[in-house]
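Listed below are the residues making up each chain.
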Amino acid sequence: MKPLSADRLLQSQGFGTRRWCQQLIAEGAFRMDGKVITDPHARIDPTAHGFSVFDEILEYRAQVYLVLHKPPGYECSRKASHHPGVLSLLPEQMSWREVQPVGRLDHDTTGLLLLSDDGAFIHRQASPRHHVPKRYRAQVHEPVDAALIALLQAGVRLQDEPAPIAALEAVATGAHELELVLDEGKYHQVKRMLAAAGKHCTALCRVAIGRLRLDALGLEPGQWRHLGADQLALLTPADQAARP
Ligand code: URA
């Protein structure tokens, strides 16, 4: 990789403005291979050297790909208005890097939420053409019966949609609980599909995106982690992967 100046390196990793990064470096907060570097213009190949800021050892990441176990009560919009934003659950560096959620979950929906600062990745994942199936677990007020499952599989009419919308899969998982797999991400889609079937959704959790499963990640609500290459490979389109 082309060497970067120390101040640009810290800026790229979300430590604030270039000026602020220069100040951090001048104050001795930055170390490369254990040695304090106070020259903000020192040239560094971040993939070849270990570096730390305030004694925290950092791994250089050109882009970040994160997964959050979204708790209820958080908004996915960048300028959250009624509830705290999901970005407040991440370190401040992620906001400086302009990390954004991939798509939206409602403020009361929980479960898997991807975030990244890679615009092409966000676009690809959010694009309807990418067709990554998403699995939701919904609690419903009314009993879940075979007629409801059959209706969701056959398709329900949603307002402003020209054709009925069907779940790729619908299965009862409890007396008042079902799982739905969708390959689209229309506004409030699960709640609207259930409402169109005459049911009221009382809680909703996204339990898988592609083959990436929430229960395999070991994340408590509010916890997040970086996604490795193996996990990113699980986010492949439906025609290249088995259903979650
Ligand atoms: N469908 C919904 O109704 N809400 C979500 O948050 C996600 C899918």
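Refer to the structure above for everything that follows.
Residues numbered from 1 in each chain as written. Predicted model: local features only at pLDDT ≥ 70, side-chain atom pairs only at ≥ 80, totals over all residues. Heavy atoms only, no water.

Caption draft 1: Spatial organisation of the pattern of salt bridges. Across all of its chains, the model carries twelve salt bridges by this definition. Taking the shortest distance from any N to any O, the salt bridge between Asp-108 and Lys-191 comes out at 2.8 Å. Linking Asp-108 in the loop between β8 (100-101) and β9 (110-116) with Lys-191 in helix α6 (residues 189-196), this pair joins segments that are 83 residues apart in sequence. Given a relative accessible area of 39%, Asp-108 falls into the partly exposed group. Here Glu-161 and Lys-186 are joined by a salt bridge, their closest N and O atoms 3.7 Å apart. With a gap of 25 residues between them, Glu-161 in the loop between α5 (146-154) and β11 (169-174) and Lys-186 in the loop between β12 (177-182) and α6 connect regions that are remote in the sequence. Look at the salt bridges and you will find they share partners, linking Arg-135, Arg-137, Glu-169 and Glu-179 into a network. (Salt bridge = Lys/Arg side-chain N within 4 Å of Asp/Glu carboxyl O. Helix = DSSP H or I, 4+ residues; strand = E, 2+ residues; numbered from the N terminus. Buried < 20%, exposed > 50% of the residue type's maximum accessible area, 1.4 Å probe, protein only.)

Caption draft 2: Region of interest: the layout of surface pockets. One number sums up the size of the largest pocket: a volume of about 680 Å³. What lines the largest pocket is a set of 32 residues, among which Gly-103, Arg-104, Gly-185, Lys-186 and Arg-206 lie closest to the centre. Listed by contribution, the elements that provide at least two residues to the lining of the largest pocket are α4 (119-126), β10 (134-140), α6 and β13 (201-209). The volume enclosed by the second largest pocket comes to roughly 260 Å³. Of all the secondary structure elements, the ones that give two or more residues to the lining of the second largest pocket are β6 (56-58), α3 (92-96) and β15 (224-226). Tallying contributions element by element places β6 first for the lining of the second largest pocket, with three residues. In terms of residue class, the lining of the second largest pocket is built from eight nonpolar, three polar and four charged. Looking at which domains feed residues into the lining of the second largest pocket, each of domain 1 (4-58) and domain 2 (65-102 + 111-127 + 220-241) supplies at least three. (1 Å grid on protein atoms, 1.4 Å probe; cavity = no way out; pocket = protein on both sides within 12 Å on 5 of 7 lines; lining within 4 Å. Points joined across faces, edges and corners; volume = space filled by probe spheres on them. Nonpolar A, V, L, I, M, F, W, Y, C, P; charged D, E, K, R; others polar. Domains from an automatic or database assignment.)

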